[in-house]
Amino acid sequence: MLTLKRTDVLTDACTHYCPGCGHGIAHRLVAEVIEELGIREKTIGIAPVGCAVLMYDYFNCDMTECAHGRPPAMATGIKRIQPDKIVFTYQGDGDLAAIGTAETIHAANRGENITVIFINNAIYGMTGGQMAPTTLTGMRSTTSQDGRGEHGEGPPLKVCELLSTLDGVCYLERTAVSTPKDVIATKRAIKKAFQNQIDGKGFSLVEVLSMCPTDWKLSTVQSVDFVNNEMKEAFPLGVYKDKG
Amino acid sequence: MNKVHFDKHRCKGCGMCVLFCPQKILRMSADLNDQGFSYPEVSDPDRCTACGMCFRMCPDCAIQVDKEGVKTSDKKETTDVME
Ligand code: SF4
Ligand code: SF4
């Protein structure tokens, strides 16, 4: 008999995420990849500030917590001191693309041999739905009440496109967790991003478009549609860089 | 027989499994679990094909899917555990 079940790389804790939040799916995929690659004993994860701030409680591998936006800098330090460890960061859009933009860009440009999982849900979740760097044009949030772009907020920041111009970067792919097909593709991308680090190939980042039903003020069904119809249009899926 | 199991205590009632089940054999319970959410029930277990779509879309890893009659060579991922 074949059984699909919860991996041991996740702890037994129930997550604090809202119903329908994409973080839970992304957590499972990262945990399954760690299990499949057999790297649990040497993996060190770095939790961000944001909705995923408590993720160290959910993973059965070494985890640490980092100041807001600084995971790529911390990952740089850990990986350089312990190059035999597998170091990954897990960051949201506020962490990676707002307060942590400098750390992200410079770690990428230096070609640090780390794996970055970037969850893009186009909003600040934990703090209650403020505009994020990746909020879509015209999208309402508590700090863009007339829709983004009406008062000089600029268009959404496209992280994969931006980083693809940097020579140091090895692998960039944008995926989603809004359909079973996308979930399978996301797992393949995450696995490749970890494998690149094992092979010493350098900086790999997977951007995952993810649902936030609570702060989008949508139902689960509507938020899946929002990712599939609106977000995928603003943030096209695909491989943005692959040095192979 | 193929079987889908729900850990109803872990479930947050998001309905993703109901939405993505291709066989449309899941529905949300009238009861609430101890977190206060309704949880999925299988209306017609015999029609479950063990495709695993519900498992893949569940944000809370509250689902286990058992598939009978599969050969080890069909195993695609190590997290597909053979038992
Ligand atoms: S395994 Fe497939 S058919 Fe069975 S309940 Fe889950 S989604 Fe439906
Ligand atoms: S997808 Fe998971 S959490 Fe959501 S209703 Fe189904 S079993 Fe519950």
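Report follows, based on the coordinates. Please read all numbers here as calculations on a predicted model, not as lab measurements. (Residues numbered from 1 in each chain as written. Chains lettered and ligands numbered in written order. Predicted model: local features only at pLDDT ≥ 70, side-chain atom pairs only at ≥ 80, totals over all residues. Heavy atoms only, no water.)

**Side note on the pairing of strand E4 (residues 86-92) of chain A**
All names here are of chain A.
Here's step 1: Burial within E4 is extensive, with seven of its seven residues counted as buried.
Here's step 2: In this structure, strand E2 (residues 43-47) lies alongside E4, joined through four bridges in parallel fashion. Paired with Ile46 across the two strands is Thr89, which belongs to E4.
Here's step 3: Across five bridges, E4 lies against strand E5 (residues 115-120) in parallel orientation. Looking across to E5, one finds that Gly92 is bridged to Ile119. (Buried < 20%, exposed > 50% of the residue type's maximum accessible area, 1.4 Å probe, protein only. Helix = DSSP H or I, 4+ residues; strand = E, 2+ residues; numbered from the N terminus. Pairing = 2+ DSSP bridges.)

**What to know about the site of ligand 1**
Here's step 1: In the vicinity of ligand 1, 14 residues are found, and the nearest of them are Cys21, Cys48, Cys51, Gly52 and Cys54 of chain B.
Here's step 2: Tallied by class, the residues present in the shell around ligand 1 amount to eleven nonpolar, three polar and no charged. (Near = heavy atom within 4 Å. Nonpolar A, V, L, I, M, F, W, Y, C, P; charged D, E, K, R; others polar.)

**What to know about the sheet that holds E4 of chain A**
Strand pairing in a sheet takes place through backbone hydrogen bonds and is either antiparallel or parallel in direction.
Residues and elements named next belong to chain A.
Here's step 1: The strand order E3-E2-E4-E5-E7-E6-E8 describes an open sheet built from seven strands, whose pairing is mixed. Each of the sheet's edge strands pairs with one partner strand only, and the pair in question is strand E3 (62-65) and strand E8 (238-242). When the angles between neighbouring strand axes are averaged without regard to direction, this sheet yields 15 degrees.
Here's step 2: With six bridges connecting them, E5 and strand E7 (residues 204-209) associate as parallel partners. If you follow Ile117 over to E7, its bridge partner there is Val206.
Here's step 3: Strand contacts of helix H2 (residues 71-81): E2, E3 and E4, with the helix running at about 175 degrees to E4, the strand carrying the most contacts. (Axes fitted to C-alpha atoms, helices over the stretch in contact; angles between N-to-C directions. Contact = heavy atoms within 4.5 Å.)

**Some thoughts on the packing of H2 of chain A against helix H4 (residues 101-110) of chain A**
Residue and element names in this part refer to chain A.
Here's step 1: Remark: H2 packs on H4, axes separated minimally by 8 Å, with the N-to-C direction vectors making an angle of 35 degrees. Of the residues in H4, those in contact with Pro72, Ala73, Thr76 and Arg80 of H2 are Glu103, Thr104, Ala107 and Arg110.
Here's step 2: Tallied by class, residues from the contact of H2 with H4 come to three nonpolar, two polar and three charged.

**Here's the deal with the interface of chain A and chain B**
Here's step 1: At the interface, 35 residues of chain A touch 33 residues of chain B.
Here's step 2: For the pair chain A and chain B, the summed buried surface comes to about 3200 Å²; carbon and sulfur atoms form 62% of the total.
Here's step 3: The leading source of residues in the side of chain A that touches chain B is helix H1 (residues 23-37) of chain A, at six residues.
Here's step 4: Per-class residue counts for the side of chain A that touches chain B are 18 nonpolar, nine polar and eight charged.
Here's step 5: Summarising the sheet, strand E1 (residues 2-4) of chain A and strand E4 (residues 63-67) of chain B pair through three bridges and their orientation is antiparallel. Each bridged residue has a counterpart across the sheet, and for Leu2 of chain A the counterpart in E4 of chain B is Lys67 of chain B. (Buried area = accessible area lost by both parts, 1.4 Å probe.)

**What about the site of ligand 2?**
Here's step 1: Contacts to ligand 2 come from 14 residues, most closely from Cys11, Cys14, Gly15, Cys17 and Cys58 of chain B.
Here's step 2: Within the shell around ligand 2, the residues separate by chemical class into ten nonpolar, two polar and two charged.

**Describing the packing of aromatic side chains**
All names here are of chain A.
Here's step 1: Applying the stated criterion across every chain, the model contains four aromatic pairs over all chains.
Here's step 2: Summarising the aromatic geometry, the rings of Phe59 and Phe88 are spaced 6.2 Å apart at their centres and angled 50 degrees between planes, so their arrangement reads as tilted. Of this pair, Phe59 sits in the loop between E2 and E3 while Phe88 is found in strand E4, placing the two residues 29 residues apart along the sequence.
Here's step 3: Residue classification places Phe88 among the buried residues on the basis of a relative accessible area of 0%.
Here's step 4: An aromatic cluster is present here, built from Phe59, Phe88 and Phe194 joined pairwise through their rings. (Phe/Tyr/Trp six-rings, centres within 6.5 Å; stacked < 30°, edge-to-face > 60°.)

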